[in-house]
Structure formats: structure tokens, C-alpha cells
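# An overview of the molecular structure
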Amino acid sequence: MAATDIARQAGEGCRTVPLAGHVGFDSLPDQLVNQSVSQGFCFNILCVGETGLGKSTLMDTLFNTKFEGEPATHTQPGVQLQSNTYDLQESNVGLKLTIVSTVGFGDQINKEDSYRPIVEFIDAQFEAYLQEELKIRRLLHNYHDSRIHACLYFIAPTGHSLKSLDLVTMKKLDSKVNVIPIIAKSDAISKSELTKFKIKITSELVSNGVQIYQFPTDDEAVAEINGTMNAHLPFAVIGSTEELKIGNKMVKARQYPWGTVQVENEAHCDFVKLREMLIRVNMEDLREQTHSRHYELYRRCKLEEMGFKDTDPDSKPFSLQETYEAKRNEFLGELQKKEEEMRQMFVQRVKEKEAELKEAEKELHEKFDRLKKLHQDEKKKLEDKKKSLDDEVNAFKQRKTAAELLQSQGSQAGGSQTLKRDKEKKNFF
């Protein structure tokens, strides 16, 4: 009988032993809660939307806090992401909240690559966490997790349809972050138009294959409320930090000439629904989805690019050590191959250089022979010219000597004739 069959029969024959008294492992949930509360929580929100849609105001309204920040202008040369982290305290629970804003999104004439800086930022946070995981000495318990847990995508209240920029950006982000579309400044359109606008947005998202975040319905405790809230997506919200007195209490509202819009009145907008779903009910699920789905997808793709895999070509388990050894051998093989290629290249270059030097040496010898022959020819010409000059000098000297001889003879003849004339004169007288 196989060992697995024995184990199965033994498992089927196991009986449950009742506890004779209280042991205490029923306090594990309390221990987990106490530990989590003492460590605190972190939550990172990415706000994507065009300038002027009230992203900062909505964040202030959601967390009932005035966050620091300056209004963005429409003169940004490109999309820039600004990240700010705040430490919030509610009762005895601490929350490290990070809000990332997309400054200048949709303000450029060419909006083709507006999504690229956002995708690169999200990937950079995944990469930082992956590098921390791959360290030999990991400090994940003290590591500030900067991965984006929720992306609130602000849609302009046009009442018609989604812009191409919105569809392209959400399609690029849906595999990297939990995208929650919301209609910003929803008091700008009427209630009937808002209902049609929501239906239009949902239809366009489905037809373009955009996967937005769906509130989980697998937990019985929140299945009913989450199922109901999924039908209200995208949420139509209004943000305001201004408090007005309505009746006998102060409420957050926006005052218009025609009336007052209350932010926390569910008949006026979906702000309360967004706050309940985002913070009170599903914040932990957003964190879990980020880690187990989006980060795992990035991690798997990144490790596969690095050459790591779980199975070999025969679909057998492949350990990390075997992967490392295979990768190391592959690297050493490539290194040796490159070394051999470089050696052959070096030998070839040396041969080429030697051939060039021999050719240059040959040219130098030929040039030397030409110059030597030219020198000998010039030397012979000079010797011939010197001999000719010497002959001319000798001939000149001979002519000069002859001339001097003739001159001396002429002088002697002239002197004898003078004496004869003088003698004749004396005889005459």
C-alpha cells in the first residue's frame, strides 16, 4: 500500500479531541489587531485628472484635514508627479497617508504620452519594493511601502462621453493599480444627465476593455453593501471644506446663487459612498489587491526578464538555486564567448596592424630608394656643373694670362719707340 493511501486513511480516521479547558488561541485575532495598531497603517492614493477638477479639495474633504499644497497652473511643460506624506491619527489608530498628484495632466497640446510618467512612477515604487525584498538583509517591517494602493481617476463632468485621454490612461493603469473612476464636480450637470453619463461611462469602459476596481463580494460581511456600491460606479462626488449652517447643524456644503449642495447628503452626491467604500470598508482589500495582484504581476514579469523560472523545460520544479546556477553558467558561457571574440578580434587587429606597418615600411623603403637615387642624380649634376665651371675658370685664366702677356709686350714696344723719337729730336737740333 502506498504511503499516500496510508496517510489518507489515517486522516479519514482522525477524530476531534475536545478541549478540557480554555487554552487561549481564540485571542489570536486580538493579538493581530493589537500588533497592527501598534505598527500603524499606510495608505497611498494616486489622484489622476486634469487641472481644476478639485483633486486637492476632495482629498481635504475625504480626510477632514487641510493638506499643504499650492494650486497647479496650466503652464506645465509635461506631466509631473508630486508626492506628499502625512501622519494622521484617529482615536488610537495611526495612518501614514501618501497623496500623489499628477500636476499638468491633460494640459499639453500633444497628450499622446501623458500617461507615461504615471506608469513609470507606479513601476518605480514596485521596483523599490522588489529591490528591498531581494536584499540579503531585509527590513520590510521598517520599510515605508510607497506602492500605490488606489488610483482615483477624476472624470470631467461633460455629460457626454469619456475623452480619448481618459480611456487610454485608464487602460494603461488598470493592470498596475486599483482604478476607481469618479465624476468630479458632479453638481455641474443635472441629475438626469448624470444618470445617463454614468451609464455611458460604464459602457465605454466595458467596450474598451478597461478593468476598474470592483469592491469585493466574497466576504459575507460586506458582500451586500459592496455589491450595491458596485452598481453606483463611477461615483459622482463633490468636495468642499467650507462649512455652512443648515438647520441646526454645520455641514460641509457649496453655496450657489440658486441653492446649497451638501457634500455629505447622499441625495446630492456620492461622496459618502466613496468615503465608506474607500476608507471604512475596503481600504485593507485595496492594500491586499495591490500586493497580491498588481505587485505580484510586476514581480513575476521582472523575475522572468531576469531569467528566473519555477519549472524547467520538462515542467519539473526548478529551485532558485538551480536557476541561479543555470544563470551563472549561462553568464560564464557568454563571458567566455565574449572573451574569445575579443581575443580573436584583438589577434585580427594585431595582424591588420602588422600588415599596415609592413606596408608602411615598404613604402618608406621605396621612398628612401627614390630619394637616394634623386640625391645621386642631383650630386652627379652638381659634379658635372662644377667640372664645367672649373673648365671655364681655367680657360678664363689662360685668356687672362695671354692678355697680360700681350699687354706687357705692347708696353715694351711703345717704350722703345719713344726713346727712338727722343734721340731723333736731339740730333735734329
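Here goes a summary of the coordinates provided. This one's a predicted model, so the numbers in the text were calculated from it and none came from an experiment. (Residues numbered from 1 in each chain as written. Predicted model: local features only at pLDDT ≥ 70, side-chain atom pairs only at ≥ 80, totals over all residues. Heavy atoms only, no water.)

## Some words on the pairing of strand E9 (residues 259-262)
Summarising the sheet, strand E8 (residues 249-256) and E9 pair through 4 bridges and their orientation is antiparallel. Directly across from Ala253, in E9, lies its bridge partner Gln262. Between the antiparallel neighbours E8 and E9 lie 2 residues. (Pairing = 2+ DSSP bridges. Helix = DSSP H or I, 4+ residues; strand = E, 2+ residues; numbered from the N terminus.)

## Quick notes on unusual backbone geometry
Residue Pro234 is bonded to the preceding Leu233 through a cis peptide linkage, with omega at -5 degrees. Here Pro234 is to be found in the loop between helix H7 (220-230) and strand E6 (235-236). A positive phi angle, near 55 degrees, is found at Ser91, a position not held by glycine. Tracing the sequence through the fold places Ser91 in the loop between strand E2 (80-90) and strand E3 (93-103). Owing to a relative accessible area of 71%, Ser91 belongs among the exposed residues under this scheme. Residue Lys185 is not a glycine yet carries a positive backbone phi of 50 degrees. Classification of Lys185 by relative accessible area gives partly exposed; the value is 38%. (Buried < 20%, exposed > 50% of the residue type's maximum accessible area, 1.4 Å probe, protein only.)

## What to know about the packing of aromatic side chains
Summed over the entire model, instances satisfying the criterion amount to 10 aromatic pairs. With a centroid separation of 6.0 Å and an interplanar angle of 55 degrees, the aromatic rings of Phe126 and Tyr295 are classed as tilted. Here Phe126, found in helix H4 (residues 116-133), pairs with Tyr295, found in helix H9 (residues 283-305); they are 169 residues apart in sequence, far enough to count as distant. The same class applies to Phe126 as to Tyr295, namely buried. With 5.1 Å between their ring centres and 85 degrees between their planes, Tyr129 and Tyr295 make a pair best called edge-to-face. Residue Tyr129 is found in helix H4, and its partner Tyr295 is found in helix H9; the two are separated by 166 residues along the sequence. Look at Tyr129 and you get buried, because its relative accessible area is 11%. Members of the aromatic cluster, connected to one another through ring pairs, are Phe126, Tyr129, Tyr143, Tyr295 and Tyr298. The cationic tip of Arg147 hangs over the ring face of Tyr129; the distance from NZ or CZ to the ring centre is 3.7 Å. We note Arg147 situated over the ring of Tyr295; from NZ or CZ to the ring centre the distance is 4.8 Å. (Phe/Tyr/Trp six-rings, centres within 6.5 Å; stacked < 30°, edge-to-face > 60°. Lys NZ or Arg CZ within 6 Å of the ring centre and 35° of its normal.)

## A few points about a nonpolar patch on the surface
A surface patch of nonpolar side chains, about 330 Å² in accessible area, is lined by Val23, Phe25 and Leu28. With respect to the helices and strands, Val23 occurs in the loop between helix H1 (3-12) and helix H2 (28-39). (Patch = residues over 30% accessible without salt bridge, like charges linked within 9 Å, V, L, I, M, F, W, Y side chains within 5 Å. Areas by Shrake-Rupley, 256 points an atom, 1.4 Å probe, with all protein chains shown as cover. Salt bridge = Lys/Arg side-chain N within 4 Å of Asp/Glu carboxyl O.)

## A few points about the nonpolar core
Ranked by size, the top nonpolar core spans 73 residues in total, and within it Leu152 and Leu278 carry the most contacts. Broken down by element, this core gets its largest block of residues, 7 residues, from H4. Aside from chain neighbours lying at most four places away, what touches Leu278 is Phe43, Ile45, Leu62, Ala150, Leu152, Ile180, Met283 and Leu286. (Core = buried A, V, L, I, M, F, W, Y, C linked by side-chain atoms within 4.5 Å. Contact = heavy atoms within 4.5 Å.)

## Considerations on the packing of H7 against helix H8 (residues 271-281)
Relative orientation of the contacting elements H7 and H8 amounts to 140 degrees, with a least axis distance of 11 Å. For the element pair H7 / H8, the angle class is oblique. Regarding H7 and H8, the two cross each other, and that crossing is left-handed. Two secondary-structure elements touch here, H7 through Val222, Ile225, Asn226 and Met229 and H8 through Lys273, Met277 and Val281. When the residues that make up the contact of H7 with H8 are grouped by side-chain class, the tally is 5 nonpolar, 1 polar and 1 charged. (Axes fitted to C-alpha atoms, helices over the stretch in contact; angles between N-to-C directions. Parallel < 35°, antiparallel > 145°, perpendicular 65-115°, else oblique. Left-handed = near helix turned anticlockwise from the far one by under 90°. Nonpolar A, V, L, I, M, F, W, Y, C, P; charged D, E, K, R; others polar.)

## Comments concerning the pattern of salt bridges
Across all of its chains, the model carries 19 salt bridges by this definition. Between Asp113 and Arg116 there is a salt bridge; the shortest N-O distance is 3.1 Å. What emerges from the salt-bridge pattern is a single network uniting Lys198, Glu266, Asp270 and Lys273.

## Quick notes on the pairing of strand E5 (residues 179-183)
Regular strands place their side chains on alternate faces of the sheet. By the criterion of burial, E5 is predominantly enclosed, with 5 of the 5 residues buried. Of the two faces of E5, both are covered, the one formed by Val179, Pro181 and Ile183 as well as the one formed by Ile180 and Ile182. Here strand E4 (residues 150-155) pairs with E5 via 5 bridges, running parallel. Bridge assignment links Leu152 to a residue of E5, and that residue is Ile180. Handedness of the crossover joining E4 and E5 through helix H5 (residues 164-173) is recorded here as right-handed. Taken together, the 2 bridges between E5 and E6 define a ladder with parallel strand orientation. Within E6, the position partnered with Ile183 by the bridge is Ala236. (Right-handed = clockwise from strand over helix to strand, strands pointing away.)

## Points about the sheet that holds E6
Across the sheet, which stays open at both edges, the 6 strands sit in the order E2-E3-E1-E4-E5-E6 with mixed pairing between neighbours. Each edge of the open sheet is held by one strand with a lone partner, namely E2 and E6.

## Looking at H9
With 23 residues, H9 extends 32 Å between its outermost C-alpha atoms, agreeing within 8% with the 33 Å of an ideal straight helix rising 1.5 Å per residue. Along H9, the residues classified as buried are Met283, Leu286, Thr290, His294, Tyr295, Tyr298 and Leu303. Looking one or two places after H9, you find Gly307, whose phi comes out positive at around 100 degrees. (Expected span 1.5 Å × (residues − 1).)

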